[in-house]
Amino acid sequence: LGSRPPRFESAMLSVTQLGDFALCQRRYYLTHVVGLREGREGAVPGAEGQAAPSVLEARSQGIDAHRVLERVDWAPIAAGRIKEAVQAAASECAVPADAPLLPWVERFLGTPLGQELAQRGDAYVHREQPFVVTLRREAKDFGLYLRGQLDVFLERADGSALVLDYKTTLQP
């Protein structure tokens, strides 16, 4: 009685947490405070009556695509050997050679942006870079910080920079 709740001086949220909160406060509470994870409710209908991947399967494919893109060697891609580079990276991170996400990765690496990444190489393509941004900080008051990880930070030849956030969808 008469005691006040504790006062927090700061909060650090991930990009995912902030996105979940913006999408649905209840979802944020259940997943990030209570610790519940999304359940599997069966497949979502896909094209031509076929079952599309469930949300969990799609998330798993997205994670695997990130793992492959983190490890892909730029030299074979720059030389036009995209499939070879993707298969080698997939093997390195134990993603099956017939995984449905691999053609997505190959198509991305064949785009002008994928080719630019390959041409710039590891000296200018920084993968999985952590960051923290101050969203609000007032003297002797509450501070709000956003933390995350950049999939790619590209230093371009013209001196500009590009931040890349890989995304996958249920349908390729």
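Residues numbered from 1 in each chain as written. Predicted model: local features only at pLDDT ≥ 70, side-chain atom pairs only at ≥ 80, totals over all residues. Heavy atoms only, no water.

In terms of regular secondary structure, the protein is built from 7 helices and 6 strands. Order of helices (α) and strands (β) in the protein, N terminus to C terminus: β-α-α-β-β-α-α-α-α-α-β-β-β. Put simply, the protein has 172 residues, and 30% of those count as buried. By sequence separation, contacts in the protein at least 24 residues apart represent 53% of the contacts at least 6 residues apart. Accessible surface for the protein amounts to roughly 11400 Å². Of this, 55% is attributable to carbon and sulfur atoms. (Helix = DSSP H or I, 4+ residues; strand = E, 2+ residues; numbered from the N terminus. Buried < 20%, exposed > 50% of the residue type's maximum accessible area, 1.4 Å probe, protein only. Contact = heavy atoms within 4.5 Å. Areas by Shrake-Rupley, 256 points an atom, 1.4 Å probe, with all protein chains shown as cover.)

What follows is about the pattern of salt bridges. Pairing between side chains of opposite charge can happen when their charged atoms approach one another. Tallying each qualifying case throughout the model produces 7 salt bridges. With its nearest N and O atoms 3.9 Å apart, the salt bridge here joins Glu 70 to Arg 71. Accessibility expressed as a relative area gives 33% for Arg 71, which makes it partly exposed. One salt bridge in this structure joins Glu 106 and Lys 83, with 3.8 Å as the shortest N-O distance. (Salt bridge = Lys/Arg side-chain N within 4 Å of Asp/Glu carboxyl O.)

Before going further, it helps to examine helix α7 (residues 112–120). Listing the buried residues of α7 in full gives Gly 114, Leu 117 and Ala 118. Buried residues of α7 fall within an arc of 95° about the axis and therefore sit on the same side. Turned more than 90 degrees away from the buried face of α7, the exposed residues are Pro 112 and Gln 119. (Arc of directions from axis to C-beta.)

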